[in-house]
Amino acid sequence: VGEGCNIGKNVFVDAGVSIGSRVKIQNNVSVYAGVTIEDAVFVGPSAVFTNDMYPRATNDDWEITPTLIKEGSSIGANATIVCGNTIGRFAMVGAGSVVTRDIRDHELVVGNPARFMAWVDESGRITSRDESSPPA
């Protein structure tokens with residue numbers, strides 16, 4: 001866990017997790033082994049990061065599937081991040097969304113499964129709703 005982090009109540013951080021500096025993780029979040037969270041990421045309350053593509057109560061062949069949350073991204077309350085995906089720099093995941101694919105830098109996604117809504121700047125303001133013109 002890096003410097004200047006704010007980790008709320010009832011947050012579970014498993015062994016094998018890396019959390020950068022200036023990260024804010026709100027209450028009741030579960031961060032399982034294999035997750036890397038870079039600097040200045042926001043994680044809303046009750047978000048969950050999975051780490052097993054084929055979960056079973058017992059599994060002798062179990063392998064952690066890594067997940068990467070890049071710098072400056074924001075993950076809304078109750079979002080589920082399915083393992084094996086990357087959330088891009090300054091991307092935003094709407095509350096309650098289920099991420100089942102990589103999210104591009106500056107992409108705003110919502111829904112289940114999470115789908116494109118707009119492009120956002122580093123402060124989270126919408127810059128375009130045209131999916132074919134990502135920010136430079």
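Quantities reported herein were computed from a predicted structural model and do not represent experimental measurements.

A. Inspection of the packing of aromatic side chains at higher detail. Scanning the entire structure with this criterion turns up two aromatic pairs. Ring plane angle 50° and centroid distance 5.5 Å describe the contact between phenylalanine 12 and tyrosine 32, whose orientation is recorded as tilted. Of this pair, phenylalanine 12 sits in strand S2 (residues 12-13) while tyrosine 32 sits in the loop between strand S5 (30-31) and strand S6 (35-37), placing them 20 residues apart in sequence. What makes tyrosine 32 partly exposed here is its relative accessible area of 31%.

B. Seen up close, the side chain of threonine 67. Locating threonine 67 in the fold gives a position in strand S9 (residues 67-69). At 3.1 Å, the side chain of threonine 67 forms a polar contact with the backbone nitrogen of glycine 84. Not counting residues within four places of it along the chain, the set of residues in contact with threonine 67 comprises Gly34, Val35, Thr36, Thr50, Ile81, Val82, Cys83, Gly84 and Asn85.

C. Up close: the pairing of strand S16 (residues 115-120). Here four bridges tie strand S15 (residues 107-110) to S16, and the two strands are oriented antiparallel to one another. By the bridge assignment for S16, glutamate 107 is matched with tryptophan 119. The antiparallel hairpin formed by S15 and S16 contains four residues in its connecting segment, where glycine 111 sits at a positive phi of about 100°. Relative to strand S17 (residues 126-128), S16 is paired through two bridges, and the arrangement is antiparallel. The residue of S17 that forms the bridge with tryptophan 119 is serine 128. A loop of five residues connects S16 with S17, the two strands running antiparallel in sequence, and glycine 124 in this loop sits at a positive phi of about 95°.

D. Region of the structure containing the nonpolar core. Counting 24 residues, the largest nonpolar core has Ile37 and Phe49 as its most contacted members. Residues in contact with phenylalanine 49, not counting those within four places in the same chain, are Val29, Ser30, Val31, Tyr32, Val35, Ile37, Val43, Ile69, Ile75 and Ile81.

E. The sheet that holds S5, seen in detail. Judged by pairing direction, the sheet is parallel, and its five strands sit side by side in the order S2-S5-S8-S11-S14 without closing on themselves. Two strands in the sheet have a free side with no partner beyond their single neighbour: S2 and strand S14 (98-99). Sheet topology places S5 next to strand S8 (residues 48-49); two bridges connect them, and they run parallel. Residue serine 30 lies in a different strand from S8, and its bridge partner there is valine 48.

The rules behind each value
- Residues numbered from 1 in each chain as written.
- Predicted model: local features only at pLDDT ≥ 70, side-chain atom pairs only at ≥ 80, totals over all residues.
- Heavy atoms only, no water.
- Phe/Tyr/Trp six-rings, centres within 6.5 Å; stacked < 30°, edge-to-face > 60°.
- Helix = DSSP H or I, 4+ residues; strand = E, 2+ residues; numbered from the N terminus.
- Buried < 20%, exposed > 50% of the residue type's maximum accessible area, 1.4 Å probe, protein only.
- Polar contact = N/O pair within 3.5 Å; in protein donor to acceptor, adjacent residues only side chain to side chain.
- Contact = heavy atoms within 4.5 Å.
- Pairing = 2+ DSSP bridges.
- Core = buried A, V, L, I, M, F, W, Y, C linked by side-chain atoms within 4.5 Å.

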